Amino acid sequence: MLELLNMTQAELGELLAAWRQPAFRKKQLFAWLHQGVPFEQMLNLPAALRERLRAEAVENAVSVLDTVSSAIDGTVKLLYRLQDGNVIEGVLMRYKHGNTLCLSTQVGCKMGCAFCASTLDGCVRNLTAGEMLGQVICANRLLGQGERVHNIVLMGSGEPLDNYENTTRFLRLLREPDGVNIGLRNVSLSTCGLVPQMIAFAGENLPVTLSVSLHAPSDAIRRTIMPIANRYAISEVLDACRIYIEKTGRRVIFEYALIRGVNAAPEHARALASLLRGMQCHVNLIPLNSVPERGLQGVNEREVAAFKAALEERHISVTRRREMGDDIEGACGQLRRKHIAAELNGLPEQ
Ligand code: SAH
C-alpha cells in the first residue's frame, strides 16, 4: 500500500500525473490527507480517483489503539498501531500555552540508556516520516473541532538522529502551509548526543529547539548510565551544540534526570555549572520516572531544589520540568511494554 503521508506535495504530484490527474489535484489531496480525512470524504476529488486511492493507498498508516487520560491534568497517553502490527506510544499534554504532543521516532530504541524503558527490547525499526506525521494527525483528530496540536516534542520512544533521513523529512512536511503547518519554533528535538548527526543537522536549516540528554557532569558518570558516552565525549557533544547555536541562533536545552547516588549530589551540580559556563543554554531538571525494570531511584523535592539552587548561584538558567500525567505510566515506553506483555500473556490490560 502506498503511504501517501510520507510524500511531499511534489511527490504526490508525480504520482497523480502518472495516474493522468490534473496538476491542481495534488494540493487538494495533500490538504485532505493532512487533515486526516478518509478517501471517501475527499469530496472535491472524482469518485474514480477516490476509488483508486482506496485500493492502492492508506490515508494514515497510524491508528489510535487506545488512550489513557490523566485524572489530574488532562494529559492523554496514546497507544498507536502501525500497519505491520507494531505498537508505539505518545503523550498529549494540555498546557495553558497550547497542546503539546510527544512523538515517537522509532519502534523501541537501541541506545541502551540505563534509566529508560524504551530501550529494554532494543530497536525494532525506524518510523517513516509519514508515521511521525500520522501521530500528529491522529492527535488533531482526537482533539476535535477548533482544537489542534501546537507544539511537538520528539521525546517519545526512539533516537530521532539515529533515524536521520525520516526525521528531517518529517520536519519539512510538518511546516508545509497546506499541511498541519506547525512552525519549527514550536518543535523540540531531543537527542542522546550523536555528534556527527548533530553537526549535520545544524546545517539542515531546520531550526528546531535542540535538547540534549546530558544527565551527567563527567564522562565517567555518563558512561555508567548512557552507552553512547563510550562513543562521544561530553566535550565533543558540547562542541556540536556550539555549532548548532552558532548556525541557528537558538539556545540549546540540556536535559538532566536526577538519579540518587549517581548524578544528583551538590558536587555534581557544581561540576555541571563549570562545564556549561558561558554557553547559551538552559538546563531542564527532570525528576526520574522510576522504571521498575531498571532499579534506579529519583531524588526528593529538597534535593531537586538544592541542585537547582546550586546551578542558579552559578548563573546557569535552569527549570525543573513539570510532571504531567503522573498517574498514567509517564515514562517513555512503559505503556507499550505493558500492552505487549498483556498481548503475549493473552491477558486484558489493566
Ligand atoms: N532518544 C532521545 C529522545 C527520547 S527520550 C534522547 O535520548 O534524548 C526523551 C527524554 O526522556 C530524554 O532526555 C531521556 O533521557 C529522558 N528519559 C528517558 N527515560 C526517563 C526516565 N525514566 N525518567 C526521566 N527521564 C527519562
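Anything mentioned here points back to the structure above.
Residues numbered from 1 in each chain as written. Predicted model: local features only at pLDDT ≥ 70, side-chain atom pairs only at ≥ 80, totals over all residues. Heavy atoms only, no water.

Draft legend 1. Structural view of the overall build of the protein. Scanning the protein from terminus to terminus reveals 11 helices and 14 strands. In terms of C-alpha radius of gyration, the protein reaches 21 Å, essentially the compact-globule figure of 20 Å for 350 residues. Its C-alpha atoms give the protein principal-axis dimensions of about 70 × 50 × 35 Å. Counting only residues that meet the buried cut, the protein has 53% of its 350 residues in that class. Relative to all contacts within the protein whose residues are 6 or more apart in sequence, the contacts with residues 24 or more apart total 66%. (Helix = DSSP H or I, 4+ residues; strand = E, 2+ residues; numbered from the N terminus. Rg over C-alpha atoms; globule rule 2.2 N^0.38 Å. Buried < 20%, exposed > 50% of the residue type's maximum accessible area, 1.4 Å probe, protein only. Contact = heavy atoms within 4.5 Å.)

Draft legend 2. Region of the structure containing the environment of N163. Relative to the assigned elements, N163 resides in the loop between β9 (149–154) and α5 (164–174). If near-sequence neighbours (up to four positions away) are discounted, N163 is found in contact with T105, Q106, N126, L127 and M132. Within the local environment of N163, its side chain forms a polar contact with the side chain of N126, the two groups lying 3.5 Å apart. A polar contact of 2.8 Å, which involves the side chain of N163, links it to the side chain of N166. (Polar contact = N/O pair within 3.5 Å; in protein donor to acceptor, adjacent residues only side chain to side chain.)

Draft legend 3. Inspection of the sheet that holds strand β10 (residues 187–191) at higher detail. Strand order in this open sheet of 10 strands is β3-β4-β5-β6-β9-β10-β11-β12-β13-β14, and the pairing throughout is mixed. This sheet does not close on itself; its edge strands, each paired only once, are β3 (62–69) and β14 (318–320). With direction set aside, neighbouring strand axes in the sheet form an average angle of 25°. Alignment of strand β11 (residues 209–213) against strand β12 (residues 252–258), held across three bridges, turns out to be parallel. Following the sheet pairing, S211 is matched in β12 by I253. (Pairing = 2+ DSSP bridges. Axes fitted to C-alpha atoms, helices over the stretch in contact; angles between N-to-C directions.)

Draft legend 4. Expanded view of helix α10 (residues 301–313). With 13 residues, α10 should cover 18 Å at 1.5 Å per step; its first-to-last C-alpha distance of 18 Å lies within 8% of that length. Here α10 has its buried residues at V304, F307, A310 and L311. Seen end-on, α10 carries its buried residues on one side only, within an arc spanning 130°. Turned more than 90 degrees from where α10 packs its buried face, R302 and E313 sit exposed. The secondary structure elements touched by the buried residues of α10 are β12, α9 (266–276), β13 (281–287) and β14. Put simply, N300 is the residue that caps the front of α10, since its side-chain oxygen is 3.2 Å from the backbone nitrogen of R302. Trailing α10 by a residue or two, H315 shows a phi angle of about 65°, which is positive. (Expected span 1.5 Å × (residues − 1). Arc of directions from axis to C-beta.)

Draft legend 5. The arrangement of the packing of aromatic side chains in detail. What the rule picks out here adds up to three aromatic pairs. Their ring planes at 85° and their centres at 6.5 Å tell us that Y164 and F201 sit as a pair that is edge-to-face. Residue Y164 is located in helix α5, and its partner F201 is located in helix α6 (residues 195–202); the two are separated by 37 residues in the primary sequence. Of the two residues examined, Y164 and F201, each falls in the buried class. Here the aromatic rings of Y256 and F307 are separated by 5.1 Å at their centres, their planes lie at 35°, and the arrangement is tilted. Of this pair, Y256 sits in strand β12 while F307 sits in helix α10; the two residues are 51 residues apart in sequence, bridging distant segments of the chain. When its relative accessible area of 1% is taken as the criterion, Y256 is described as buried. (Phe/Tyr/Trp six-rings, centres within 6.5 Å; stacked < 30°, edge-to-face > 60°.)

Draft legend 6. Molecular detail of α9. Along α9, the positions that sit buried rather than exposed are H268, A269, L272, A273 and L276. Along α9, the residues classed as buried sweep out an arc of 140° about the axis, all on the same side. Where α9 is buried, its residues touch α7 (219–225), α8 (234–248), β12, β13 and α10. After α9 finishes, the residue G278 shows a positive phi value of roughly 80°.

Draft legend 7. A look at the pairing of strand β4 (residues 76–82). A large share of β4 lies buried, amounting to six of its seven residues. Here β3 runs beside β4; their pairing, made up of seven bridges, is antiparallel. Within the sheet, the bridge partner assigned to V62 lies in β4 and is L82. As paired strands, β4 and strand β5 (residues 87–95) are joined by six bridges and run antiparallel to one another. When the sheet's bridge partners are listed, Y80 is paired in β5 with I88.

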